Amino acid sequence: QKEVEQNSGPLSVPEGAIASLNCTYSDRGSQSFFWYRQYSGKSPELIMSIYSNGDKEDGRFTAQLNKASQYVSLLIRDSQPSDSATYLCAVNRSGTYKYIFGTGTRLKVLA
Amino acid sequence: SAVISQKPSRDICQRGTSLTIQCQVDSQVTMMFWYRQQPGQSLTLIATANQGSEATYESGFVIDKFPISRPNLTFSTLTVSNMSPEDSSIYLCSVGGQSQETQYFGPGTRLLVL
């Protein structure tokens, strides 16, 4: 089992729809969870961090965390073509500041 | 967040040679990391660059192949030694944010080894 798993996609959604990106992790001791966006040829850009169970909203983005199920998700409301990118889930290795990254989900927002 | 720069932004190198990548931050940071992103892959942590002491390497990465320097709290270098085509990758430095848990990435160095 991979330490951090994501569906590679591509996930295609029409413009204006909600995009739902999912991530599962294996380390029960992980406490910090992050979503990064990476455009082709660019470096990852931090979108959201979440540390507690439940939802955290920031503009069009909502991160959801369920530690019991070892599951973290990212919802993008009112998806725009400019949201088309690869979304990387990162989880800290328990007791450290080190991240483990998933392989990323490629999102395509269709105009 | 801190402004991070990397040099060079890209390079094409011959096998058997070495390349040193620089990472400069506009403010002092405690945590600094080096990652590799191979074509079509996700990010893999190479090492944590520790100021004033040797870097801490992840499993599968060794100091002889990837020597790292961290002379102060704003600068680090990663050297890719005795390169082979398998070292072709993007190399990224990242720094810890005000919240130590968060990391911000530099623009990356795109390396092609022929």
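Please read all numbers here as calculations on a predicted model, not as lab measurements. (Residues numbered from 1 in each chain as written. Chains lettered and ligands numbered in written order. Predicted model: local features only at pLDDT ≥ 70, side-chain atom pairs only at ≥ 80, totals over all residues. Heavy atoms only, no water.)

(A) Quick look at the interface of chain A and chain B. In this assembly, 19 residues from chain A lie in contact with 21 residues from chain B. For chain A, the biggest contributors to the area lost against chain B are A:Y97, A:K98 and A:Y99; these three give 37% of the whole. At the junction of chain A with chain B, the criterion picks out two salt bridges. A salt bridge links A:R93 to B:E58; its shortest N-O distance comes to 2.8 Å. The tally of links between chain A and chain B comes to nine residue pairs in polar contact (both at pLDDT 80 or more). Broken down by secondary-structure element, the contributors of at least two residues to the side of chain A that touches chain B are β4 (33-38), β5 (45-50) and β10 (99-101) of chain A. Looking at the side of chain A that touches chain B element by element, the count peaks at three residues for β4(A). Here the side of chain A that touches chain B is composed, by residue class, of nine nonpolar, seven polar and three charged. (Contact = heavy atoms within 4.5 Å. Buried area = accessible area lost by both parts, 1.4 Å probe. Salt bridge = Lys/Arg side-chain N within 4 Å of Asp/Glu carboxyl O. Polar contact = N/O pair within 3.5 Å; in protein donor to acceptor, adjacent residues only side chain to side chain. Helix = DSSP H or I, 4+ residues; strand = E, 2+ residues; numbered from the N terminus. Nonpolar A, V, L, I, M, F, W, Y, C, P; charged D, E, K, R; others polar.)

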